[in-house]
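# Fold and geometry: a report
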Amino acid sequence: MTVKDWFEQRKEMQIARRAQDTQIDDSIGKLWIKCFNCNSQLLRKEVEENLEVCPKCGYHFRINARTRINQLFDEGTFEELFGNITTADPLEFSDTETYKKRITLAKAKTNMNEAVISGIGKIEGNTVAAAVMDFEFMGGSMGSVVGEKVTLAMEEALKRKIPMIAVTASGGARMQESILSLMQMAKTSCAVAKLNEAGLLYITVLTEPTFGGVTASFATLGDIIIAEQDARIGFAGRRVIEQTIRQSLPADFQTANYLMKYGQIDMISSRAELKSTIAKLINLHKTENKK
Amino acid sequence: MTILEFEKPLYEIEEKIKELKEISESSGMDVTEQINTFEQQAMEYKKELYANLTPSQRIQIARHADRPTFLDYVKLITTDFTELHGDREGTDDRAIIGGIAKINNQSVVIIGTQKGKTTKENLIYNFGMPQPQGYRKALRLFYHANKFHMPIITLIDTPGAYPGMKAEETAQGTAIAVNLREMAKMEVPIIAVITGEGCSGGALGLAVADRVYMLEHSYYTVISPEGCASILWRDASKADVAAEALKITSEDLLKLEIIDDIIKEPLGGAHCDYETAGNNLKETIVKAMDELKKLPADKLKEERYNKFRRMGVFCQ
C-alpha cells in the first residue's frame, strides 16, 4: 500500500463513518460525545453551543426538527400548525414488525408525532411558512402525514402570501404506506406549482440525508436550493447504485460538494450561516413588481 | 411463448387435449364428446386461475417477455405516429419514447417508457429504466402538447428510474420532481395508463394526470416488492410477501381511489391477444379524452390539483 492509498482509504473510512449517527458514548456518560469524523471526544454542552457542529473538525452532526427550528427561527416566533394530523395505517401493513408498532416506537423515541413539523415563524423578522423534517422519526420517511403537512404549509404560504421554506431530511417514501406515499410526491409537487404560479419564493434546505421520493419531489423544486454542509443528497441509495453498476463509487459521491460540482444546488451553507443566508435571500427577493 | 410457472398445470391440460385430438384423428375413434368436456373444463379452470391470481403472479404477467410494449400499443391504437427525438440538451434516452400521433382523428402527444422483448432490444431501451434525460425529453414534449393544444397520453411500463452514477450526476431526482410540478401546470388533458410495471418515482414522473388507469394485470407501487423485501424484511426472497403487503394490484389501487378505472385484459394477459388489449386501451383513452375535452383549462387544472390533493390517509 502506498502512502497515497493509505490516505485514500482513510478518507473513505471517515466518510463511511459519517453515515452513522453520532451516538452518546455511554461508557463516559451523557456529558461526552464522540465525533465520528475526527474521533475527538467532545463535551456535549460545547457541541450543543456550537449548533451541533464539531468544534474540532467542523463536521455537521444530524439534528432533529426541534433543534433545527430553534436554530433557524427568531426566538419564540415559531408557531406549530397542523400538529393534530397523525398517522393512520390504511393498509394494515406489517413486515417484521407492524406499522402501528413502528409508529408507537418512533413516537416514544423522538417525542414527535410524525416526521415533519409545519408552522409559521420569523427568520430575522421575515414571516415565513415552513416544513421541517425529522430524520429520527422513521428515517424521515414521507407517508400521508408528511405529504399532507408539507402541502398544508405551502397552502398557508399561499394564503398569507409569504415565502415558503422546506428543510428536508429523509430516506425517501414510507414503504409502509405504499402507493399512498408515492402519491405524496405528486401532491407536494402540485402544491409547489401553485407557489410558482403565485410568484411566491420557495427555498429548500437539503440536510443530511435527503434521498428518494423527497429528493424526487418538493426538495429539489426550490427556487433556491441550499445544501447544508456535510449533507448527502441523492435519488437512489449508494448501495443500490453499486449493485446495479457493479463498480464502487467515488468517496465523495452524493455529498453536498459533489452536487455543487454537478450544478444541482445553488449553494452550500454551514449551519452557522444558514439563518442569515435565508434572511438575505428573502430580502433580495423583495422587489417592487409583485404579481 | 413463455409459460409461467403457475400456468404450467393449465398448459399441461391443454397439451393433453391436443394429444387426445391427434390420437382420435389418427385412430378414427370418435371422442369429440370427451374432448368438448375437457375443453370446457380447461376453460373454466383457466378463468378461475386468472381471476384468482396472487399479487406476485400478477407481477409475472406484468413482466412477461411477450407483453405488448409502448411501441406495440402505439401501433395498435394510433395512426401517423411521428417520433420526436431528444431532450435538446445532448441526449436521446431510448427508455422513453414520444411523439405525435392521431387517435380517432384527434392529434395527441403520446409518450411512454419502452421495454425490449429480447436482450438486444433491452440493452437499447435500458430495460425500460429512464435516465434523467428521458424525463427531460418527456417534459419537452409536454410543453409541445401544451403549446399546440393536444391531449397528452402516457403509457407506463418501467421497473423504475435508472439508479446509476451518471443518472445521479445529472439529477435523476430533480428531473422527476420537475415533471411532477410541470404536469400540474399543463392546460391540456393528461391521461396516464400503467400498462405493465409502475415502479416508484420513475413511473410517477409520467403519471400526474387527469385520469390514471391501470391495465388489469399491471402493478403500481412505491418500491419494487424485491426492493421492499430486502429493506424491510432484510431478505429479497420475501418479495412475494412484500407484494401482498404493498397492495399493488389494479383492484387494490381502485379501492384506494388512486386510479380511475381498470382496463380489462384478454384472458391470460395482454400478451395472449394484442388486438383485444389494444382495443380496450383505446376505448378507455377515447372516452376519457371526450370527457376531458369539455373542461376549460382552469377547471381542468383545478380538478387535477384536487385529485392529487385528496390522496393520503391520516387521522385528524
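Data block above holds the structure.
Computed from a predicted model, the values in this text were never measured in an experiment.

### So, the sheet that holds strand β10 (residues 267-269) of chain A
Residues and elements named next belong to chain A.
- One open sheet holds the seven strands; their spatial order is β3-β5-β6-β7-β8-β9-β10, and the pairing between them is mixed. Each edge of the sheet is formed by a strand with only one pairing partner; in this case those strands are β3 (79-81) and β10. In this sheet, adjacent strand axes meet at a mean angle of 25° when their direction is disregarded.

### Here we look at the environment of B:I61
All names here are of chain B.
- Looking at the element boundaries, I61 is found in helix α3 (residues 55-62).
- Taking the C-alpha atoms as reference points, I61 and I259, 198 residues apart in sequence, are found 20 Å from one another.
- Apart from the residues within four sequence positions on either side, I61 is in contact with H217 and G269.

### Focus on the pairing of strand β4 (residues 152-158) of chain B
All names here are of chain B.
- The element β4 is extensively covered by neighbouring structure, given that seven of its seven residues are classed as buried.
- Burial along β4 is two-sided: the residues I152, T154, I156 and T158 and I153, L155 and D157 are all buried.
- Sheet topology places strand β3 (residues 106-113) next to β4; four bridges connect them, and they run parallel. Opposite V109, over in β4, you have I152 as the bridge partner.
- Bridge analysis of β4 against strand β5 (residues 190-199) gives six bridges, and the strand direction is parallel. What sits directly across from I152, in β5, is I190.

Cut-offs used in this document
Position labels on residues start from 1 in each chain and follow its written sequence. Whichever chain is written first becomes A and whichever ligand is written first becomes 1, with later ones labelled in order. In view of the model being predicted, local features appear only for residues whose pLDDT reaches at least 70, and side-chain atom pairs are presented and counted only at 80 or more, with totals across whole chains, interfaces and linings using the full set of residues. Whether two strands pair depends on DSSP finding at least two bridges between them. Secondary structure elements are taken from DSSP: a helix is a run of H or I of four residues or more, a strand is a run of E of two residues or more, and numbering for both begins at the N terminus. For helices, the axis comes from a line fit to the C-alpha atoms of the stretch in contact; other axes are also lines fit to C-alpha atoms, and the angle between any two N-to-C directions lies between 0 and 180 degrees. C-beta atoms are placed from the backbone for every residue, and two residues are taken to be in contact when these atoms lie within 7 Å. Exposure classification rests on a simple neighbour count of other C-beta atoms within 10 Å of a residue's own: a residue reaching 20 or more is buried, one at 12 or fewer is exposed, and one in between is partly exposed. C-beta atoms are placed from the backbone.

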